[in-house]
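Here is how the chains run, residue by residue.
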There are 2 protein chains.
Amino acid sequence: MERIAVDMDGVLADTTEQFFLFDERDFGRRRTLEEVIGKPESVAFPKGKEYVRTKDFFRTASVVSESQNILNELNRRYEIFVVSAATEFPQSLLEKYEWLREHFPFITWQQIVFCGSKTIVEADMMIDDHFKNLDPFKGTTFLFSQPHNLLQNEGRHRRVNSWKEIADILL
Amino acid sequence: MERIAVDMDGVLADTTEQFFLFDERDFGRRRTLEEVIGKPESVAFPKGKEYVRTKDFFRTASVVSESQNILNELNRRYEIFVVSAATEFPQSLLEKYEWLREHFPFITWQQIVFCGSKTIVEADMMIDDHFKNLDPFKGTTFLFSQPHNLLQNEGRHRRVNSWKEIADILL
């Protein structure tokens, strides 16, 4: 059974929307896509570095559209690991665990990986929104579109714009 | 640079001693080695399954002898990842992180992996006290002696009885 490493932030959890919401709360208006496109979130959102260390930032994130039902389907046909860079923000560890239990109850504790560098991950495929994770990965890569990666050429990675596109390819 | 995946419980953290201490507190006398040898901790210690879910069980564990200075040396010559099966006991996530920060401050967040199944780990070598982690691993394996694994033949794994032995082999 082929193994897929699935990223959490920006792929399952809509952290992009969290940045928009936290930012709007602080600055009084919703930032436009034009303002943030192509920029790391820590640059696009002036207080972005603070938000990821804020209690409940990860716990209250909404779920990326259609990720639940499609990951559930993938989970029957592939060996799924949810791999999240979490050790940089230790307060996020339990929040991310609880978030997964709530929104992806079919993902068991055996299938969860909280790490710093994803170079340790051995899998056949990786779905991620960050080049830093996809570039060193030896298997098949899918770049999940998020504003911060939209201006960069996808290079050797196949860009996917939605979970529906992932389903079309993998199911 | 060769990569080594180093287990935490029973290799860096003296969880065996924690089981002995918690058990003695509950049953009034220290269990003998003969009573626990060759048994999973959940069997050797009647309340073992409860202890691993008890606050501070992991946070207050003592450090395995000589692991600090020798891992520090290894960290200069190898790419080290500390890989701990932690997602089964989510309360342990932050405790384990804080324990590592206190006792192994030279291990960065990029080098920490909290997972369930270690089959996801790609490395050249693995140091672990559990066959379930070493058996599926493709690289070089070291079985770190603990009472629960002492009666089993080490099979294809090389048994190491102390960090000093690890140093003699790898440094």
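As shown above, the structure is provided for reference.
Note that the coordinates shown come from a computational prediction; the quantities given were computed from them, not determined experimentally.

Each value, and the rule that gives it
- Residues numbered from 1 in each chain as written.
- Chains lettered and ligands numbered in written order.
- Predicted model: local features only at pLDDT ≥ 70, side-chain atom pairs only at ≥ 80, totals over all residues.
- Heavy atoms only, no water.
- Phe/Tyr/Trp six-rings, centres within 6.5 Å; stacked < 30°, edge-to-face > 60°.
- Buried < 20%, exposed > 50% of the residue type's maximum accessible area, 1.4 Å probe, protein only.
- Helix = DSSP H or I, 4+ residues; strand = E, 2+ residues; numbered from the N terminus.
- Salt bridge = Lys/Arg side-chain N within 4 Å of Asp/Glu carboxyl O.
- Axes fitted to C-alpha atoms, helices over the stretch in contact; angles between N-to-C directions.
- Parallel < 35°, antiparallel > 145°, perpendicular 65-115°, else oblique.
- Left-handed = near helix turned anticlockwise from the far one by under 90°.
- Contact = heavy atoms within 4.5 Å.
- Nonpolar A, V, L, I, M, F, W, Y, C, P; charged D, E, K, R; others polar.

(A) How the structure looks around the packing of aromatic side chains. Taken as a whole, this structure holds 20 aromatic pairs over all chains when the rule is applied. Between Trp99 of chain A and Phe104 of chain A, the ring centres sit 5.6 Å apart and the planes meet at 35°, which makes this aromatic pair tilted. Judged on exposure class, the residue Trp99 of chain A and its partner Phe104 of chain A are both buried. Seen from their ring centres, Phe20 of chain B and Phe45 of chain B are 5.2 Å apart, and the 85° between their planes marks the pair as edge-to-face. Taken together, the residues span a long stretch of sequence, with Phe20 of chain B in helix α1 (residues 15-27) and Phe45 of chain B in the loop between α3 (41-44) and α4 (48-51) at a distance of 25 residues. Under the relative-accessibility criterion, Phe45 of chain B is labelled buried at 1%.

(B) The arrangement of the pattern of salt bridges in detail. All chains considered together, the criterion is met by 33 salt bridges over all chains. For the salt bridge of Lys47 of chain A with Asp26 of chain A, the shortest nitrogen-to-oxygen distance reads 3.1 Å. Taken together, the positions of Lys47 of chain A in the loop between α3 (41-44) and α4 (48-51) and Asp26 of chain A in helix α1 (residues 15-27) put the pair 21 residues apart, joining distant regions of the chain. In this structure, Lys118 of chain B engages Asp128 of chain B in a salt bridge whose closest nitrogen and oxygen atoms are separated by 2.7 Å. Here Lys118 of chain B is found in the loop between β3 (112-115) and β4 (125-128), whereas its partner Asp128 of chain B is found in strand β4, with 10 residues between them in sequence.

(C) Fine view of the packing of helix α6 (residues 92-103) of chain A against helix α6 (residues 92-103) of chain B. Relative orientation of the contacting elements α6 of chain A and α6 of chain B amounts to 155°, with a least axis distance of 8 Å. The angle between α6 of chain A and α6 of chain B places the two elements in the roughly antiparallel class. Note that α6 of chain A runs across α6 of chain B; the crossing there is right-handed. Seen from α6 of chain A, the contacting residues are Leu93, Leu94 and Tyr97 of chain A; seen from α6 of chain B, they are Leu93, Leu94 and Tyr97 of chain B. Looking at the contact of α6 of chain A with α6 of chain B residue by residue, the classes come out as six nonpolar, no polar and no charged.

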